[in-house]
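# Chains, contacts and geometry: an overview
Each chain, written out:
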Amino acid sequence: MDKKLGVYICACGGNISDYVDIEKVREAVKDEDCVLLARTTMFACGDSNQKEMEKDIQENNLSGIVVASCSPKLHLTTFRSVSERAGLNKYNYVHANIREQASWAHSGNKQGATEKAIHLVKAAIAKARFAKSLEPTRIKSQKSVAIIGAGVAGIKASIALSNMGDNVYLIERENKIGGKLASLGKVFPGNITGEDMIARLNEEVKNEDRITLLTSTKIKECSGNIGDFRIRLQDNIETGEPAVSEREINVGSILVATGFESYTPSEGEYGYKEIDNVITLPEFRDLIKNGKEGKELVFKNRKIRDIAFIYCVGSRQIKGENKYCSRYCCSAAIQSSLDIKERFGDVQVYHFTKGVRTYGSQELKYAEASRSGDIFIQFPDKDEPVVSSEKGVTLIKAKDILSAKKEIEAAVDLVVLVTGMVPDSDKSVGSLLKLPRGRDNFFNEIHMKLRPVETVIDGITIAGTCQGPKGVMESVNSALSAAVKTHSFVSKGELELSPIVAYTDVKTCEWCGACSEACPYNAISKSEEDGKVVAIVNKTTCKGCGMCLPVCDSDSIELTSFTNNEIESMIEILAN
Amino acid sequence: MVSQAKILVFSTEKISDPAIDMAGLLKLHYPPQVYTIAIPCSSGVKPRWILKALEKGFDGVFIAADGSDCSHGESCTEKTGAIVGKTHNLMKEKGIDPARLKMAALCSVCSESFVKQIRSFNEYLLKSKNS
């Protein structure tokens, strides 16, 4: 073979090299047939390495490259672009996943992980020897988008997409838009209420001709792919039968912004549901909103003069499932504390925290609360506060790290459990769209830094708190980011599709019709070639599934990039 | 006494491969002698590839099928099942234990299921290999 291959083995900043001896991998593959050069690199995806690769390809006239790094879901496009920039057809690049399927999967067995990585890289080299230059096919993409969830993230994304010229279906299961924010009072930084913010956005949505708002609507079915999703909707879900009606929309991309739920403490958790003046932060915010300004704050006919906030309830759990920080709750509790003082006069507030996380400019509110006389007590992670009721008095006891673990006791009129975010309990959208979830059970992006709004399902993006806890500003930022990515899928009206299609060997094909019958796209038809009846594949209709391959008794049909030569050469390497 | 079986997994690029990747991400360990070749759809696995793998030294072949999640149509489960049936017959003809080829539907988030299936397949293959 006359191929000249370059092989790049990534350390991924330790994610691979901590568990795989990448130098040993390089040594093992550098003398493989067709390998002209083999290098290790700290970050294969880094700009400097990409430039080195381009230089290598051009200076050595490489006819193929193998990159051994993370999952191809993450960087396939990156290295295809490197190839293209260097003048190498991008289908001459082959990927070996030695992170998710070697270093991480076998992190407890360095020798085993290294051996596996060597095999995977050698198999990729074997495949690269047979790789051919291919040209992509193009398909029409619907210039419309479905946004599921009309909370602040969904609304902002819909306005952004509409401004970019896309038609938007904004789908909301409730009978009004705004999600959780619509019912909130002041939100950080404290100059506007959630209610007012949503009212303004509602006006903007009404003024956007390209936005079709569908409230009381849920998704019943979804089929198709990027560029051409068909979504069956059920309208008027709140009114029920017989008003329920169904309709189908056709969109090029889907943006999911289904939001979060507040953690509900279990019975007895810090006295919740057992002591009548223990409530959650959302319940407390309702109490503030509905209280009469200028008068004293009253709860269950009791005047509230002393309040204790207990932080991180349902978040940063040592024993529970929710290990993550919910990010917004420290600021929300401090904002609530400032609000009650502003609206109801002097109230003494005790904050029992695990360490306050008012990051960025939220720190200013923390300072303001401290100056106003709020007392902050930091309890140890493993020694949580105890709430009890003795003779009608609610007591809270905790050790304070800031006072050498001295025990602090406070008698209060109200205990507020600062509850965090948990994923939406309605799992229907995630199940229908087959969206993967992370360890925290929120929807998972492909990469939190490199592809933060894309999912592994092509054409589906995620935004806001369905992806993980976020404040309002962070939700809006992620929504705008998802909107731009979504727009890129539909803006051109066409998408480049993979040129990986089936083809027949007319010399050996004796038309029997089995491949045509197996094809779900009617892409194979009977045709006459040089006086012989054979099967011919329509390249624009073929989607490259390969369903036609195993049914051909004469083995006359192959799939580009998955030919017998490519697959069987990989099998031989891996079996050794 | 062999402690690990060598297994070839045919996974699919959009459905089961993300699940296998996620198993790695979640550090759900499985034997390192499990190798994956990703293809577009489980209905596209040729019986000759399976036989080649078994003849070249793999103890078992596992098809991580798309099942009802397949974006290429509902017939995928049936078609992958037909490939397995056809290959089982070919294996019997060659005197190969048909249980060395296993198929299970694996969705894009079925990481735990993948690890469970692979561990149990590994145990079966080891047991029959060492017996």
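Residues numbered from 1 in each chain as written. Chains lettered and ligands numbered in written order. Predicted model: local features only at pLDDT ≥ 70, side-chain atom pairs only at ≥ 80, totals over all residues.

It is worth spelling out the overall build of chain A at this point. The helix and strand tally for chain A stands at 14 helices and 32 strands. Structurally, chain A occupies a C-alpha span of about 95 × 60 × 40 Å along its principal axes. The 576 residues of chain A split such that 46% are buried. Pairs at least 24 residues apart make up 69% of the contacts formed inside chain A by residues separated by at least 6 positions. (Helix = DSSP H or I, 4+ residues; strand = E, 2+ residues; numbered from the N terminus. Buried ≥ 20, exposed ≤ 12 C-beta atoms within 10 Å, placed from the backbone. Contact = placed C-beta atoms within 7 Å.)

What follows covers the overall build of chain B. What chain B contains, in helices and strands, is four helices and four strands. Counting helices and strands in the order they occur from the N terminus, chain B gives β-α-β-α-β-α-β-α. For 131 residues, the compact-globule formula gives about 14 Å, and the C-alpha radius of gyration of chain B, at 14 Å, lands near that figure. Looking at chain B as a whole, 60% of its 131 residues qualify as buried. Residue pairs in contact within chain B that sit at least 24 positions apart in sequence constitute 79% of those at least 6 positions apart. (Rg over C-alpha atoms; globule rule 2.2 N^0.38 Å.)

Further remarks concern the environment of Lys289 of chain A. Residue and element names in this part refer to chain A. Positionally, Lys289 belongs in helix 8 (residues 281–290). When the 16 C-beta atoms within 10 Å are taken as the criterion, Lys289 is described as partly exposed. Spatially, the C-alpha atoms of Lys289 and Arg343 are 9.7 Å apart, while their sequence positions differ by 54 residues.

Once that is clear, we can look at the packing of helix 2 (residues 47–56) of chain B against helix 3 (residues 76–93) of chain B. A pair of packed helices can be characterised by two numbers: the angle between their axes and the separation between those axes. Residues and elements named next belong to chain B. The contact between helix 2 and helix 3 brings their axes to 9 Å, and the two run at 45°. The angle between helix 2 and helix 3 falls in the class oblique. Handedness of the crossing formed by helix 2 with helix 3: right-handed. Along its contact with helix 2, which presents Pro47, Ile50 and Leu51, the element helix 3 presents Ile83, Lys86, Thr87 and Leu90. In the contact of helix 2 with helix 3, the residues fall into five nonpolar, one polar and one charged. (Axes fitted to C-alpha atoms, helices over the stretch in contact; angles between N-to-C directions. Parallel < 35°, antiparallel > 145°, perpendicular 65-115°, else oblique. Left-handed = near helix turned anticlockwise from the far one by under 90°. Nonpolar A, V, L, I, M, F, W, Y, C, P; charged D, E, K, R; others polar.)

The next point concerns the pairing of strand 25 (residues 414–419) of chain A. All names here are of chain A. Among the six residues in strand 25, six count as buried, and that is most of the element. Of the two faces of strand 25, the one holding Leu414, Val416 and Val418 and the one holding Val415, Leu417 and Thr419 are both buried throughout. Where strand 16 (residues 278–280) and strand 25 come together, three bridges link them in parallel fashion. By the bridge assignment for strand 25, Ile279 is matched with Val416. (Pairing = 2+ DSSP bridges.)

The next point concerns the interface of chain B and chain A. Each side of the interface is counted separately: chain B has 40 residues, and chain A has 40 residues. Counting residues per element, the ones that place at least two in the side of chain B that touches chain A are helix 1 (16–25), strand 2 (34–39), helix 2 and helix 3 of chain B. Considering every element that reaches the side of chain B that touches chain A, the biggest residue donor is helix 1 of chain B, with seven residues. Considered class by class, the residues forming the side of chain B that touches chain A number 22 nonpolar, 11 polar and seven charged.

Turning to the sheet that holds strand 1 (residues 7–12) of chain B, a few remarks are in order. Residue and element names in this part refer to chain B. Taken in spatial order, the four strands line up as 2-1-3-4 in an open sheet, and their pairing is parallel. Strands with a single pairing partner mark the edges of an open sheet, and in this sheet they are strand 2 and strand 4 (101–105). Shown here is a sheet whose adjacent strand axes are inclined to one another by a mean of 20°, direction ignored. Direction of pairing for strand 1 relative to strand 3 (residues 60–65): parallel, over a ladder of four bridges. Across the sheet, the residue bridging to Phe10 is Ile63, located in strand 3.

Right, let's talk about helix 2 of chain B for a bit. Every buried residue of helix 2 of chain B is accounted for by Pro47, Trp49, Ile50, Ala53 and Leu54 of chain B. The arc enclosing the buried residues of helix 2 of chain B, seen along the axis, measures out at 165°, which places them on a common side. Close packing links the buried residues of helix 2 of chain B with helix 14 (564–575) of chain A together with strand 1, strand 3, helix 3 and strand 4 of chain B. One or two positions beyond helix 2 of chain B, positive phi appears at Gly57 of chain B, with a value near 130°. (Arc of directions from axis to C-beta.)

With that out of the way, let us pick up the sheet that holds strand 4 (residues 93–97) of chain A. Backbone-to-backbone hydrogen bonds join strands into a sheet, with any given pair of strands oriented parallel or antiparallel. Residues and elements named next belong to chain A. Read across the sheet, four strands follow the order 2-1-3-4 without closing on themselves; strand pairing throughout is parallel. The sheet terminates laterally at strand 2 (35–41) and strand 4, the two strands that pair on one side only. Geometrically, the sheet is characterised by an average inter-axis angle of 15° between neighbouring strands, direction not taken into account. Sheet topology note: the strand 1 (residues 5–10)/strand 3 (residues 64–69) ladder contains five bridges and is parallel. The partner of Val7 across the bridge, within strand 3, is Val66. Strand contacts of helix 3 (residues 72–85): strand 3 and strand 4, with the helix running at about 155° to strand 4, the strand carrying the most contacts.

For the rest of this paragraph, the subject is the pairing of strand 23 (residues 393–400) of chain A. Residues and elements named next belong to chain A. By the bridge criterion, five bridges tie strand 22 (residues 386–390) to strand 23 in an arrangement that is antiparallel. Paired with Ser389 across the strands is Thr394, a residue of strand 23. Linking strand 22 to strand 23, which pair antiparallel, is a turn of two residues; within it Lys391 sits at a positive phi near 50°. Examined bridge by bridge, strand 23 and strand 24 (residues 406–412) share seven bridges and lie antiparallel to one another.

Turning our attention to helix 1 of chain B. The element helix 1 of chain B is largely enclosed, with a buried count of 10 among its 10 residues. Along helix 1 of chain B, the residues classified as buried are Ser16, Asp17, Pro18, Ala19, Ile20, Asp21, Met22, Ala23, Gly24 and Leu25 of chain B. Of the surrounding elements, those touching the buried residues of helix 1 of chain B are helix 3 and helix 4 (99–103) of chain A together with strand 1, strand 2, strand 3 and helix 4 (111–130) of chain B.

What follows is about the domain arrangement of chain A. A common way to state how big an interface is: give the accessible area lost once the parts meet. Entries for chain A in the domain assignment read domain 1 (5–134), domain 2 (144–259 + 424–494), domain 3 (264–421) and domain 4 (501–559). Between the C-alpha centres of domain 1 of chain A and domain 4 of chain A there is a distance of 34 Å. (Domains from an automatic or database assignment.)

It is worth spelling out the nonpolar core at this point. All names here are of chain A. Core analysis: the biggest nonpolar cluster contains 118 residues, and Val66, Ala68, Val121 and Cys548 have the highest contact counts within it. Counting residues per element, this core draws most heavily on helix 5 (residues 110–130), at 10 residues. When residues are assigned to domains, this core turns out to be shared by domain 1 (5–134) and domain 4 (501–559), each giving three or more. Residues within four places of Cys548 in sequence aside, it is in contact with Ala502, Cys515, Ala518, Cys519, Ile524 and Ile557. (Core = buried A, V, L, I, M, F, W, Y, C linked by C-beta atoms within 7 Å.)

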